[in-house]
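A structural walkthrough
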Amino acid sequence: MPVVDEIRARLAQFQPDRLEVIDESARHAGHAGARPEGESHFRVRIAAAAFAPMSRLARHRAIHAALGPELLARIHALALEIED
Amino acid sequence: MTAIDQIKQDIASNDVVLYMKGTKEMPQCGFSSRVAGVLNFMGVSYKDVNVLADADIRQGIKDFSDWPTIPQLYVKGEFVGGCDIVTEMTLSGELDQLFDAKGVAYNKDAADQIRAANA
């Protein structure tokens, strides 16, 4: 399964009103941490009511936890834009 | 000294610490570069810790903060966040408020210039 789809699947638990997962690896080709096969740099834009009571740190931590350490270890960079 | 002890000592003895890839003068990663660039432009005095120079610190700071990525910003011993959070806080003015509350000196005009350029 492409990493983009894995990320989408794991973030479904937040029941997002809006979810965009963008593979930005091509923009980082050749840079340290980029992998020849791509799938290294991602941007997530997510809006979910579940984030409303959370601080910035808590929102990011909730997403890190949902993705899990195994998936995070395979991703070199993850930019998060989180809204409630 | 263990890596965790080193981290505790660094964040206790420096008001602002940035764990980053590379140095404040020569960042080695775009995300580290962005945070260092903000602090440099705002004239904040901070200690830069190059995690690429020490594998134990690189893993240790991730464990200590329970945060999987670099850069990581600490102010007065408190974890603030990584690149996304620092960027958002810079643009919203929350970073200014944090520095005000914690008594960290910075150039307010420079912070306003960053916001004006990104409005």
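The preceding data block contains the structure.
Read on for a plain summary of the structure. (Residues numbered from 1 in each chain as written. Chains lettered and ligands numbered in written order. Predicted model: local features only at pLDDT ≥ 70, side-chain atom pairs only at ≥ 80, totals over all residues. Heavy atoms only, no water.)

1. Brief notes about the sheet that holds strand 3 (residues 77-83) of chain A
Residue and element names in this part refer to chain A. Ordered in space as 1-2-3, the 3 strands form an open sheet in which the pairing is mixed. Of all the strands in the sheet, the pair left with one neighbour each is strand 1 (18-23) and strand 3. When the angles between neighbouring strand axes are averaged without regard to direction, this sheet yields 10 degrees. In the packing of helix 1 (residues 3-11) onto the sheet, contacts are made with strand 1 and strand 2 (41-47), and the angle to strand 1 comes to roughly 155 degrees. (Pairing = 2+ DSSP bridges. Helix = DSSP H or I, 4+ residues; strand = E, 2+ residues; numbered from the N terminus. Axes fitted to C-alpha atoms, helices over the stretch in contact; angles between N-to-C directions. Contact = heavy atoms within 4.5 Å.)

2. Things to note about unusual backbone geometry
The linkage connecting Ile 70 of chain B with the following residue, Pro 71 of chain B, adopts the cis geometry, with an omega of 10 degrees. Following the sequence through the fold, Pro 71 of chain B ends up in the loop between helix 3 (55-65) and strand 3 (72-75). One non-glycine residue, Gln 15 of chain A, lies in the positive phi region at around 50 degrees. Mapped onto the elements of the fold, Gln 15 of chain A is located in the loop between helix 1 and strand 1. Accessibility expressed as a relative area gives 67% for Gln 15 of chain A, which makes it exposed. Although it is not a glycine, Asp 66 of chain B adopts a positive phi angle of roughly 55 degrees. With respect to the secondary-structure elements, Asp 66 of chain B resides in the loop between helix 3 and strand 3. By relative accessible area, Asp 66 of chain B is classed as exposed at 55%. (Buried < 20%, exposed > 50% of the residue type's maximum accessible area, 1.4 Å probe, protein only.)

3. Comments concerning helix 1 (residues 3-13) of chain B
All names here are of chain B. Listed as buried for helix 1 are Ala 3, Ile 7, Asp 10 and Ile 11. All buried residues of helix 1 project into a common sector of 90 degrees when viewed along the axis, lining one side. Helix 1 presents Ala 12 and Ser 13 as exposed residues on the side facing more than 90 degrees away from its buried surface. (Arc of directions from axis to C-beta.)

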